[in-house]
Amino acid sequence: MTTDTTGLSQLGQAAATAANPEDAVLDRVPNPHADTNYVARFTVPEFTSICPVTGQPDFAHLVIDYVPDQWIVESKSLKLYMHSFRNHGAFHEDCTVGIGRRLVAELSPRWLRIGGYWYPRGGIPIDVFWQHGTLPDGVWAPEQGVPTYRGRG
């Protein structure tokens, strides 16, 4: 099967990281198996954003699971979108939920969940979870596999 890449703005060419998530482009391509329910997973183990109060970096391990409908996200554009948060000031909740909502708006998936496993700052880790829709019957969605933060204990 050949996928038409006409209209993709970043695949196969040099592409700079956007200055902020609002300006980042998320490319999508037709789902080659739109007649099948399956889970696609993206893991972003080194996600970085900026605390909007202190200006200090925040780090997270993000896991995005979705059951596509007519569209799948093009992975290079997703990577560049994630990089656009590196100088973006936002709270953990805003980053995690905002990414989920943006993907839903662009892809209209049958189901999507995102887990944001944030590393501690100020002694408190914050984990943020958001879901859109209901997992279709009979679809296997494995656990995200990221343990909650336990420190040294």
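Residues numbered from 1 in each chain as written. Predicted model: local features only at pLDDT ≥ 70, side-chain atom pairs only at ≥ 80, totals over all residues. Heavy atoms only, no water.

Digging into unusual backbone geometry
Alright, step 1. At Ser108, a position not held by glycine, the phi torsion is positive, near 50°.
Alright, step 2. Locating Ser108 in the fold gives a position in the loop between helix H2 (92-107) and strand S5 (111-118). (Helix = DSSP H or I, 4+ residues; strand = E, 2+ residues; numbered from the N terminus.)

Looking at a negative patch on the surface
Alright, step 1. A surface patch of like charges, here negative, comprises Glu22, Asp23, Glu93 and Asp94.
Alright, step 2. On the secondary structure map, Glu22 appears in the segment before strand S1 (28-30). (Patch = residues over 30% accessible without salt bridge, like charges linked within 9 Å, V, L, I, M, F, W, Y side chains within 5 Å. Areas by Shrake-Rupley, 256 points an atom, 1.4 Å probe, with all protein chains shown as cover. Salt bridge = Lys/Arg side-chain N within 4 Å of Asp/Glu carboxyl O. Lys, Arg positive; Asp, Glu negative; His and termini not counted. Charge placed at Lys NZ, Arg CZ, Asp CG, Glu CD.)

Quick word on the layout of surface pockets
One way to see where empty space is left: roll a probe the size of a water molecule over the atoms.
Alright, step 1. When its volume is computed, the largest pocket comes out at roughly 190 Å³.
Alright, step 2. Lining of the largest pocket is provided by 13 residues; of these, Thr43, Val44, Lys79, Met82 and His83 occupy positions nearest its centre.
Alright, step 3. Residue assignment for the lining of the largest pocket shows that the elements contributing at least two residues are strand S2 (40-50) and helix H1 (75-83).
Alright, step 4. In terms of residues, the lining of the largest pocket owes the most to one element, S2, which gives seven residues.
Alright, step 5. Taken together, the residues of the lining of the largest pocket break down into six nonpolar, four polar and three charged. (1 Å grid on protein atoms, 1.4 Å probe; cavity = no way out; pocket = protein on both sides within 12 Å on 5 of 7 lines; lining within 4 Å. Points joined across faces, edges and corners; volume = space filled by probe spheres on them. Nonpolar A, V, L, I, M, F, W, Y, C, P; charged D, E, K, R; others polar.)

Quick word on H1
Alright, step 1. All of the buried residues in H1 are Ser77, Leu78, Leu80, Tyr81 and Met82.
Alright, step 2. For H1, the secondary structure elements touched by its buried residues are S2, strand S3 (57-67), strand S4 (71-73) and H2.
Alright, step 3. By the N-cap criterion, in which a side-chain oxygen at the helix start approaches the backbone nitrogen of a residue two or three places on, H1 is capped by Glu74, the distance to Lys76 being 2.9 Å. (Buried < 20%, exposed > 50% of the residue type's maximum accessible area, 1.4 Å probe, protein only. Contact = heavy atoms within 4.5 Å. Polar contact = N/O pair within 3.5 Å; in protein donor to acceptor, adjacent residues only side chain to side chain.)

Topic: the pairing of S2
Each regular strand displays side chains that alternate between the two surfaces of the sheet.
Alright, step 1. Pairing between S2 and S3: nine bridges, direction antiparallel. By the bridge assignment for S3, Arg41 is matched with Asp65.
Alright, step 2. Between S2 and the antiparallel strand that follows it, S3, lie six residues; Gly55 among them carries a positive phi value of about 80°. (Pairing = 2+ DSSP bridges.)

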